Amino acid sequence: MNDLSAGKLLNDVRQLISAARHAVVNSVNQAMVRTYWEIGRRIFEEEQHGKQRADYGKGLIQALSEELTKEFGKGFSTTNLANMRLFYTTFPIFQTVSGKLSWSHYMALLRVDSERARNFYLRECEAAHWSVRQLERQIRSSYFERLLASVHQEIVRAEADASNQEMLMRPQDIIKDPYILEFLDMKENKDYLERDLETALLDKLSDFLLELGRGFAFVARQQRITTESGQHFYIDLVFYNFMLRCFVLIDLKRGQLTHQDIGQMDMYVRMYDELKRQPDDAPTIGLILCADNDKTVMRYSSLNGSTQLFASKYKFLLPTEEEIRHLLSERCDIPSDGTGNQGT
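Residues numbered from 1 in each chain as written. Predicted model: local features only at pLDDT ≥ 70, side-chain atom pairs only at ≥ 80, totals over all residues. Heavy atoms only, no water.

### Considering the overall build of the chain
- The number of helices and strands found in the chain is 14 helices and 6 strands.
- Put simply, the chain has 344 residues, and 41% of those count as buried.
- A separation threshold of at least 6 residues defines the contact pool for the chain, and within that pool the share at least 24 residues apart is 60%.
- Surface exposure of the chain reaches about 19500 Å², of which carbon and sulfur atoms provide 51%. (Helix = DSSP H or I, 4+ residues; strand = E, 2+ residues; numbered from the N terminus. Buried < 20%, exposed > 50% of the residue type's maximum accessible area, 1.4 Å probe, protein only. Contact = heavy atoms within 4.5 Å. Areas by Shrake-Rupley, 256 points an atom, 1.4 Å probe, with all protein chains shown as cover.)

### Here we look at the nonpolar core
- The biggest cluster of nonpolar side chains holds 35 residues, and the ones touching the most others in it are L81, F87, V97, Y106 and Y121.
- Discounting residues that sit within four places of it in the chain, Y106 has contacts with V33, F87, F91, V97, S98, L101 and L122. (Core = buried A, V, L, I, M, F, W, Y, C linked by side-chain atoms within 4.5 Å.)

### Some details on the side chain of S102
- Take S102: it is sitting in the loop between α3 (78–90) and α4 (103–109).
- For S102, the side chain forms a polar contact with the side chain of H105, separated by 2.9 Å.
- Ignoring any residue separated from it by four or fewer positions in sequence, one finds S102 in contact with N29, V33 and V132. (Polar contact = N/O pair within 3.5 Å; in protein donor to acceptor, adjacent residues only side chain to side chain.)

### Details of a nonpolar patch on the surface
- A surface patch of nonpolar side chains, about 230 Å² in accessible area, is lined by L9, V13 and I17.
- Looking at the element boundaries, V13 is found in helix α1 (residues 3–49).
- When its relative accessible area of 35% is taken as the criterion, V13 is described as partly exposed. (Patch = residues over 30% accessible without salt bridge, like charges linked within 9 Å, V, L, I, M, F, W, Y side chains within 5 Å. Salt bridge = Lys/Arg side-chain N within 4 Å of Asp/Glu carboxyl O.)

### Examining the packing of aromatic side chains
- Going through the model one piece at a time under the given rule, you end up with 19 aromatic pairs.
- Taking the centre distance of 5.2 Å and the plane angle of 75° together, the rings of F87 and W103 count as edge-to-face. Taken together, the residues span a long stretch of sequence, with F87 in helix α3 and W103 in helix α4 at a distance of 16 residues.
- Assessed through its relative accessible area of 0%, F87 is described here as buried.
- Residue class for W103 comes out buried when judged on its relative accessible area of 13%.
- Through a chain of ring-to-ring contacts, three or more aromatic side chains come together here, namely Y36, F87, F91, W103 and Y106.
- Over the ring of F94 we find R34, and its NZ or CZ is 4.1 Å from the ring centre. (Phe/Tyr/Trp six-rings, centres within 6.5 Å; stacked < 30°, edge-to-face > 60°. Lys NZ or Arg CZ within 6 Å of the ring centre and 35° of its normal.)

### Examining the packing of helix α6 (residues 132–140) against helix α11 (residues 205–212)
- Running from N to C, α6 and α11 point in directions that differ by 55°, and their axes come no closer than 11 Å. The angle between α6 and α11 falls in the class oblique. For α6 against α11, the interelement crossing comes out right-handed. Facing R133, Q134, R137 and Q138 of α6, the residues of α11 in contact are D207, L210 and E211. (Axes fitted to C-alpha atoms, helices over the stretch in contact; angles between N-to-C directions. Parallel < 35°, antiparallel > 145°, perpendicular 65-115°, else oblique. Left-handed = near helix turned anticlockwise from the far one by under 90°.)

### Regarding α11
- All of the buried residues along α11 are D207, F208, L210, E211 and L212.
- Remark: G213 follows α11 within two positions and exhibits a positive phi of approximately 120°.

### Looking at helix α10 (residues 194–203)
- Those residues of α10 that sit buried are L197, E198, A200, L201 and L202.
- Those residues of α10 that are buried are in contact with α11, β2 (216–226), β3 (232–241), β4 (246–256) and β6 (309–315).

### A look at the pairing of strand β5 (residues 285–292)
- Most of β5 is tucked away, with 6 of its 8 residues classed as buried.
- Sheet topology places β4 next to β5; 7 bridges connect them, and they run parallel. Looking at the pairing, I250 lines up with L287 of β5.
- Handedness of the crossover joining β4 and β5 through helix α12 (residues 259–275) is recorded here as right-handed. (Pairing = 2+ DSSP bridges. Right-handed = clockwise from strand over helix to strand, strands pointing away.)

### Quick look at the side chain of S65
- For S65, the position within the fold is in helix α2 (residues 56–72).
- At a separation of 3.4 Å, a polar atom in the side chain of S65 contacts the main-chain amide nitrogen of T78.
- If we skip the residues at most four places from it in the chain, S65 touches F76, S77, T78 and L81.

### Focus: unusual backbone geometry
- One non-glycine residue, H129, lies in the positive phi region at around 55°.
- Along the chain, the position of H129 falls in the loop between α5 (115–128) and α6.
- Even without glycine at this site, R245 takes up a positive phi of about 60°.
- Following the sequence through the fold, R245 ends up in the loop between β3 and β4.

### Brief notes about the pattern of salt bridges
- The tally for this structure, following the rule as stated, stands at 12 salt bridges.
- For R41, the salt bridge goes to E38, with nearest N and O atoms at 2.9 Å. Residue R41 and its partner E38 are located together in helix α1, separated by 3 residues, close to a single helical turn.
- Judged by relative accessible area, which is 23%, E38 ranks as partly exposed.
- When the shortest N-O distance is used, the salt bridge between E47 and R85 registers 2.4 Å. Of this pair, E47 sits in helix α1 while R85 sits in helix α3, placing them 38 residues apart in sequence.
- Its relative accessible area of 24% is what places R85 among the partly exposed residues.
- Among the charged side chains, a salt-bridge network with shared partners connects R34, E38, R41, R42 and E45.

Encoded structure:
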């Protein structure tokens, strides 16, 4: 057998083995999720029979844990069995349980109190193939709440309620404000240059892609575009979004947004549409990431009402609970109960 044939054979066999292992893992995962759901259902139903005894549920799980641990070993602690019961009560219809997510995914989802947020994370996790670590980070960074605060109320409600998925295909629903860049380990008010921010983002590109959202792929850094007269301009970061089928240009600004920044990005977008955009591509999007955005400048500039130009703040720290409440009440018109808490 010559080297060429041997190499092709090795590659074919390697792919077969990898595919088989992947199928086995998926099969085991689905069986585990189904089994844990069934265990949770049986515990819940047994508790209902003994509900007249207040401590019945706690005693039942303790006794079951002891017996199962003796027979099957680890994995059946009282905490795990309680989680299985919670899994069933949270997803009482098994058809709503995705076979694409692992038990560890569901353990993360069970910690989300809001049903709307939990269902949102489940759909996004399944569609975007998030790992458990990625899902946990999105939950920890309040991705759902920040998305609520970044779009119009009617769009948010339609997206959260179910399900007009086409709404996620519009630029204004994919661009977020603010972007949380806590993974860069850069402190607020630090004396840094835009070049430092750009380098830090590319050093942790996978985390930045996750923060950007679904469908983004990195294209270039400091991409040059040249005018007919030979004048060169350099775009900080260029991405392509496969859901929108368009290029996304990002300009980084360490200070407050200015009208010069907006004019520059407007020119970049127009030039990119003419020089780089292909016939099948949708119009190019320009995103200015700035430390602070001036609402007056935004209101009286080409940003206002544009479907191609956007400006978003970036923050190096996760938002506090009070900041999330403020954003929700300010932008989504959610009433307050008078104590600073959201109304129900």
